[in-house]
Amino acid sequence: MALPDRLILALGALAGLLGVLASAAAAHGGGTDSLKTAAQFLLFHAPVLIGLAALIATGAVHRGLTRVSGAAILIGLALFCGDLALRALAATSLFPMAAPAGGIVLMLGWLIAAATAFVRVRV
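Residues numbered from 1 in each chain as written. Predicted model: local features only at pLDDT ≥ 70, side-chain atom pairs only at ≥ 80, totals over all residues. Heavy atoms only, no water.

Student: Looking at this structure, how should I read the pattern of salt bridges?
Tutor: Between side chains of opposite charge, a pair can form when the charged atoms approach closely. Evaluated as defined, the whole model comprises 2 salt bridges. Note that Arg 67 and Asp 5 form a salt bridge whose closest N and O atoms lie 2.7 Å from each other. Here Arg 67 is found in helix α3 (residues 63-90), whereas its partner Asp 5 is found in helix α1 (residues 3-28), with 62 residues between them in sequence. On the accessibility criterion, Asp 5 (3% relative accessible area) is buried. With a closest N to O distance of 2.8 Å, Arg 87 and Asp 83 form a salt bridge. Of the two residues, Arg 87 and Asp 83 are both situated in helix α3; the distance of 4 residues between them amounts to about one turn of the helix. Exposure remark for Arg 87: the relative accessible area of 43% places this residue in the partly exposed category. (Salt bridge = Lys/Arg side-chain N within 4 Å of Asp/Glu carboxyl O. Helix = DSSP H or I, 4+ residues; strand = E, 2+ residues; numbered from the N terminus. Buried < 20%, exposed > 50% of the residue type's maximum accessible area, 1.4 Å probe, protein only.)

The structure is reproduced here in structure tokens:
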């Protein structure tokens, strides 16, 4: 497995870890709905990233396009969840419109993932 694919896999697992951590913080630390939402998004997308890495490893999908999809999902998660968590835990934001921008990048990542189903894989 190539380094970019290992990064998608590792960062997907890290998203799962952070999702569990944020869930615990929300449950035990009086977390806000924003922190709960960030935790849910991390936990929902962690298996997607791991799955994308696995699909790349099997050669079932176009490697480059799937990597772009994974990167978009990771960037979207960082912006969306990072902003929500920072607002909940530190009462500040990453930057103006970080969460909406992250949400749009997440949707773009999903759209690219859908497109990989229709792109021919070179053998």
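And the narrative resumes.
Student: Quick question: what am I supposed to make of the packing of α1 against helix α2 (residues 33-58) here?
Tutor: How two helices pack is summed up by the angle between their axes together with the distance between the axes. For the pair α1 and α2, the least separation of the axes is 7 Å and the interaxial angle reads 160 degrees. Our classification of the angle between α1 and α2 gives roughly antiparallel. The handedness of the crossing between α1 and α2 comes out as left-handed. Residues that form the contact of α1 with α2 fall into these classes: 18 nonpolar, 4 polar and 2 charged. (Axes fitted to C-alpha atoms, helices over the stretch in contact; angles between N-to-C directions. Parallel < 35°, antiparallel > 145°, perpendicular 65-115°, else oblique. Left-handed = near helix turned anticlockwise from the far one by under 90°. Nonpolar A, V, L, I, M, F, W, Y, C, P; charged D, E, K, R; others polar.)

Student: Quick question: what am I supposed to make of the packing of aromatic side chains here?
Tutor: Given two aromatic rings, their pairing is described by the distance between the two centres and the angle made by the two planes. This structure, assessed with the given rule, holds 1 aromatic pair. Geometrically, the ring pair formed by Phe 41 and Phe 80 is tilted, given 4.6 Å between the ring centres and 45 degrees between the ring planes. Residue Phe 41 is located in helix α2, and its partner Phe 80 is located in helix α3; the two are separated by 39 residues in the primary sequence. For Phe 41, a relative accessible area of 27% translates into the label partly exposed. (Phe/Tyr/Trp six-rings, centres within 6.5 Å; stacked < 30°, edge-to-face > 60°.)

Student: Just checking my understanding: could you explain the packing of α1 against α3 for this structure?
Tutor: Viewed as axis vectors pointing N to C, α1 and α3 meet at an angle of 30 degrees, and their least axial separation amounts to 10 Å. On the basis of their axis angle, the class for α1 and α3 is roughly parallel. The interaxial crossing formed by α1 with α3 has left-handed handedness. Where α1 approaches α3, its residues Pro 4, Asp 5, Ile 8, Leu 11 and Ala 15 are matched on the opposing element by Arg 63, Arg 67, Gly 70, Leu 74 and Leu 77. Looking at the contact of α1 with α3 residue by residue, the classes come out as 6 nonpolar, 1 polar and 3 charged. (Contact = heavy atoms within 4.5 Å.)

Student: Before we go on, may I ask you to explain α1 in this structure?
Tutor: Every α-helix carries 3.6 residues per turn, so stepping three or four residues along brings you back to the same face. Spanning 26 residues, α1 covers 37 Å between terminal C-alpha atoms, matching the ideal 38 Å at 1.5 Å per step. Residues Asp 5, Ile 8, Gly 12, Ala 15, Gly 16, Gly 19, Ala 22 and Ala 26 constitute the buried set of α1. Against the buried residues of α1 lie α2 and α3. (Expected span 1.5 Å × (residues − 1).)

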